Each structure stands twice: as structure tokens, then as C-alpha cells.
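Summary of the model geometry
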Amino acid sequence: MARNDAELADAVFGVNLMGGVANVIMQLSHPAVGHGVVESRVDSGNVFKHPVKRARTTYSYLAVATMGSQAEKDAYREAVNVAHRQVRSTEHSPVRYNAFDRDLQLWVAVCLYRWLEDGARLFGQPLDQVGREALFQQAAAMGTTLQVPVEMWPADLAALDKYWDEQLPTKVIDPTVRAYFNRLLDLEMFPRPIRLAGARLHRFAASGYLPQHFRDQLGIRWSGQDQRRWETMMRGIAAVVRPLPRTLRQFPFPVYLWDLRRRIARHGRLV
């Protein structure tokens, strides 16, 4: 693994999966991305029908984008392309979309970079400006492992921040996609006992990751006390996570990368 790739892998914290649904909300807040997922005819990728398989696909992508070799990234990109060929709007869709639209993929990739930065900031060492810039440049693989060409990735961190600030206010969550998000936040993909035990905490944890713009779109009430409670919870988790060996901090991503390599070696299905 190259030095830059090793640094990028060091920023991947498995515990940051708590923010996974929040990041999905950010990605799908783009109407074309949101309706592309909600209306998808790729049944095997439906999180409410196949939550384990959906998790494997997503986490394998994150693992290979941050820890995999270039050959592994190329192989996974081709596998994702096969699934994406089926994701395009129909005459009944309220918005036009195509999973190969690079502008849509750029938005998704930038959201994923925010997930990576959140992990480094909350559970790793605090990021200064130099650290943010280095992580940002290395994280271009979040986009290029999809279909985003290198030249579309923002030139520097200032360009990314400008892109984010310009794009964020344009994201409007309509009732159809909002209902989908509420199902995710309430853990409807899991059996009832898990939902009853964990949905309230999950909604609170995910809401803390969301910028206020998205909370407003979802009608989530978030007070100063809520923010302090969330920050206290994150500090407590971080105090446990930071001293752990890298392999434990990153779990379960190394497992998903191992599984991906096994399937590549056996010429199995990757997505």
C-alpha cells in the first residue's frame, strides 16, 4: 500500500458507520439521486428487502475505495457499472436521472468525503487545515472508483468547500424521499425487536451527523441540549476507539475487503 493510501486507510473508522444513514440522507437529498434509489428496479440492492447484501455492497465499495489496490478499484467500478445500467428514470419519474450522470456521482463522492472527514475528526486525531487538504486529495478515489474523472474532482479543499456551500441550499427533500429517509432512520430494514431496541438511539445519533439544512428538511427538532448530548456521546466513544489497534478501529472494513478479494480470486459476483 502506498503511503498516501495508508494515510487514507488510517482515516477509516468502523465506528463511523453510525453516521452511515446520515450520509445516505445527504447523498439522496439530491432529487435525482434520491428518486434513483427509491424507484430502483435493482431488487437485490433494496435495503428493505436485502439489508445484508445492501450493506455488503456499500461497505465493500468504501473498503476498496479507501484501502484497495488500483486493480481492485477498477474491478469494483466495472461491477458497479453493471448494476447502474439498470438505474435510469422512466416516463413516470418526477425527475430525470441516470446512474452514469457524473454530476450526480460527484455529489455522492463529495458526501462520502464528508463521511471520511467526520470519522477522522470525531474518532481519529483532530484535523488541521494541512491534514484536511491531504485527506481530501487522497479521497479522490471516492469519486474515481465510481465514474467521476479526476479532472472533475475539486482542485483543492477550498474548491470543495465552495462546491458544498453552493450545492447544499439547493437540496430539497420531497415527501416521497422523506418517507424513505424516515424508514431508514427508524431501522425498518431490521426485525421488530431490533427496531424497538435501537431506533430511537439510531435516529438521535444519525441526526447529530446531519447539517442543520437537512434536519430542517426532515422536520427534525434539534436543540442546543441535543447537540451537547450528541457531542458528549461522541467524545465518550472516541476515548474508547482512539487507543485501539488500527485493525480494530477499522472493523468491519478489512473483513469486507478480504471478502472482496476472495470473490475476485474466485471470479465471483462483486455487487
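Scroll up to find the structure.
Residues numbered from 1 in each chain as written. Predicted model: local features only at pLDDT ≥ 70, side-chain atom pairs only at ≥ 80, totals over all residues. Heavy atoms only, no water.

**Quick look at the packing of helix α4 (residues 51-67) against helix α15 (residues 253-265)**
One way to put it is that α4 packs onto α15 with a least axis distance of 8 Å and a crossing angle of 95°. In terms of orientation, α4 and α15 fall into the roughly perpendicular class. When α4 is examined against α15, the residues Ala55, Arg56, Tyr59, Ser60, Leu62, Ala63, Val64 and Met67 are found in contact with a partner set consisting of Phe253, Tyr256, Leu257, Asp259, Leu260, Arg261 and Arg263. The residue inventory of the contact of α4 with α15, partitioned by class, reads 10 nonpolar, 1 polar and 4 charged. (Axes fitted to C-alpha atoms, helices over the stretch in contact; angles between N-to-C directions. Helix = DSSP H or I, 4+ residues; strand = E, 2+ residues; numbered from the N terminus. Parallel < 35°, antiparallel > 145°, perpendicular 65-115°, else oblique. Contact = heavy atoms within 4.5 Å. Nonpolar A, V, L, I, M, F, W, Y, C, P; charged D, E, K, R; others polar.)

**Here's the deal with helix α10 (residues 175-185)**
Those residues of α10 that fall on the buried side of the exposure criterion are Val177, Tyr180, Phe181, Leu184 and Leu185. Within α10, the buried residues cover an arc of 140° as seen down the axis, which keeps them to one side. Packing partners of the buried residues in α10 comprise α2 (20-28), α3 (31-38), α11 (192-209) and α12 (212-218). Sitting at the head of α10, aspartate 174 places a side-chain oxygen 3.1 Å from the backbone nitrogen of threonine 176. Once α10 ends, the next one or two residues include leucine 187, with phi positive near 60°. (Buried < 20%, exposed > 50% of the residue type's maximum accessible area, 1.4 Å probe, protein only. Arc of directions from axis to C-beta. Polar contact = N/O pair within 3.5 Å; in protein donor to acceptor, adjacent residues only side chain to side chain.)

**Side note on the pattern of salt bridges**
Summed over the entire model, instances satisfying the criterion amount to 11 salt bridges. In this structure, arginine 229 and aspartate 226 form a salt bridge, with 3.3 Å as the shortest nitrogen-oxygen distance. Taken together, the residues span about one helical turn, with arginine 229 and aspartate 226 both in helix α13 (residues 224-241) at a distance of 3 residues. In this structure, aspartate 259 engages arginine 262 in a salt bridge whose closest nitrogen and oxygen atoms are separated by 2.4 Å. You can see aspartate 259 and its partner arginine 262 sitting in helix α15, 3 residues apart, about one turn around the helix. Judged by relative accessible area, aspartate 259 falls into the buried class, the value being 13%. (Salt bridge = Lys/Arg side-chain N within 4 Å of Asp/Glu carboxyl O.)

**Thoughts on unusual backbone geometry**
For the peptide bond that leads from phenylalanine 251 to proline 252, omega is 15°, which places it in the cis range. Its place among the elements puts proline 252 in the loop between α14 (246-250) and α15. Phi at leucine 187 is positive, roughly 60°, even though this residue is not glycine. With respect to the helices, strands and loops of the structure, leucine 187 is situated in the loop between α10 and α11. On the basis of relative accessibility, which here comes to 9%, the residue leucine 187 falls in the buried class.

**A short note on α4**
Given a rise of 1.5 Å per residue, 17 residues ought to cover 24 Å, and the 23 Å separating the end C-alpha atoms of α4 matches this to within 8%. Taken residue by residue, α4 has Ala55, Thr57, Ser60, Tyr61, Leu62, Ala63, Val64, Ala65, Thr66 and Met67 as its buried positions. (Expected span 1.5 Å × (residues − 1).)

**A closer look at the packing of aromatic side chains**
Within the structure shown, the criterion is met by 10 aromatic pairs. An angle of 20° between the planes, with centres 5.5 Å apart, marks the rings of phenylalanine 136 and tryptophan 153 as stacked. In this pair, phenylalanine 136 sits in helix α7 (residues 129-138) while tryptophan 153 sits in the loop between α8 (141-144) and α9 (157-167), placing the two residues 17 residues apart along the sequence. Pair check on accessibility: phenylalanine 136 and tryptophan 153 agree, each one buried. Between tyrosine 209 and tryptophan 230 the ring centres are 5.3 Å apart and the planes differ by 80°, which places this aromatic pair in the edge-to-face class. (Phe/Tyr/Trp six-rings, centres within 6.5 Å; stacked < 30°, edge-to-face > 60°.)

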